[in-house]
Amino acid sequence: MTHTLPLPDFAHERVEVITGRRSGLFIAVALHSSVLGSALGGARLWTYPHWSDALGDALRLSAAMTLKNAAAGLDAGGGKSVIALPPGTTLDPDRRRAAFLDLGDAVESLHGLYRTAEDVGSTTDDMLVVSERTEHVVGLPDAVGGSGEPAGPTSLGVYESLRATLERVTGTADVEGRRITISGLGQVGSRLAVRLSAEGARLTVTDVNPAKRDLATELGAEWIAPGEEHLVPADVFVPAGIGGLLTDEVIDALDAKAVCGPANNPLADHSGAARLAGRGILYAPDFVVNAGGVIYLDLEAKHLGTRTEIMDRVGQIGDTVRRIFDEAEARGVTPLEAAEGLAAERLAAGGRQPALTH
């Protein structure tokens, strides 16, 4: 499900928009900020009604990556790339390869100011194709000595964030017996569902792909039609699909104590954070909750610790969420405002200037 979202204020350092010379596809690479270092953000392959929707997605997602990387304490700026498929388009293997070669050329044109990685619709094997055209790519397959799939670290960070959220709204971080609704069973959502099921959570799940119902059956989870999941009573509602799910209408009908999930930009409008607060629903900011993958990719690429040490760092995301909840309560603001403040302070103290010298 694709939701139309408003464009963010344009504060980007640089945006490259091309028609891929091999694939003929619209490709956008958005560098939002390099204040803290070379930007890092994935490459999304998705179907959009119009090229302008794809550009808007790149702008929004890259701005969110600046917040995510800053709040996570990484020396990395924010960027994102998007390969847009016209409605009804299916890529054969040759054209898919062509698309990621084109992306590699676009990334290379930024001379190292932006590093790409896999994201929704792309894979580590696609990143291997990108690496034929640029060295500024992370998350290559394990088989070639890369860091591999980041969905596991992302899922761990979401799990620890969810425990911190449960602790705040129920008094305990224990998952057993808690009612949790997961909207989206992609790589992260499905991993989270498996873990929560094993720990005794009462799961309700949905996905726009009806084949995902098999996982629900396997886990003993309740399946609900897409678009109705927010009506199911839950301790925590987990948006784990495409952004923009939490419209004003959905928020007004949402039957949950809290929202905590990996979807990027789940709020259809920034004011949704206050709207949730007004209904007494706790919101764990997405760019903090879903930072596990980018923490893993950045630290792995820079060889800053063993994998065990890096995963320990990812596991500390739950503590960051707790601090944000404390800060929000102490200041009388939403958790989103508290998290944005944390990122803004880090950016202001970054001590670097945007590195657009090419």
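In this text, all values refer to a predicted model and were calculated from it rather than measured experimentally.

Asks: Quick question: what am I supposed to make of the pattern of salt bridges here?
Replies: One pass over the structure, following the stated rule, counts 27 salt bridges. For Arg 22, the salt bridge goes to Asp 105, with nearest N and O atoms at 2.9 Å. Taken together, the residues Arg 22 in the loop between β1 (14-19) and β2 (26-33) and Asp 105 in helix α2 (residues 93-108) connect sequence positions 83 residues apart. Overall, the relative accessible area of 29% leaves Arg 22 in the partly exposed class. Its salt-bridge partner being Arg 322, residue Asp 319 comes within 3.2 Å of it at the nearest N-O pair. You can see Asp 319 and its partner Arg 322 sitting in helix α12 (residues 317-331), three residues apart, about one turn around the helix. For Asp 319, a relative accessible area of 38% gives the class partly exposed. One connected set of salt bridges, linked through shared partners, spans Arg 44, Asp 57, Arg 60, Lys 80 and Asp 119.

Asks: Would you take a moment to explain unusual backbone geometry for this structure?
Replies: In terms of backbone geometry, most residues other than glycine have negative phi values and most peptide bonds are trans. Even without being a glycine, Asn 265 presents a positive backbone phi close to 50 degrees. The topology assignment puts Asn 265 in the loop between β11 (256-259) and α8 (272-278). Even without a glycine there, the phi angle at His 303 is positive, about 55 degrees. Along the chain, His 303 falls in the loop between α10 (292-301) and α11 (307-315). On the basis of relative accessibility, which here comes to 69%, the residue His 303 falls in the exposed class.

About the thresholds
Residues numbered from 1 in each chain as written. Predicted model: local features only at pLDDT ≥ 70, side-chain atom pairs only at ≥ 80, totals over all residues. Heavy atoms only, no water. Salt bridge = Lys/Arg side-chain N within 4 Å of Asp/Glu carboxyl O. Helix = DSSP H or I, 4+ residues; strand = E, 2+ residues; numbered from the N terminus. Buried < 20%, exposed > 50% of the residue type's maximum accessible area, 1.4 Å probe, protein only.

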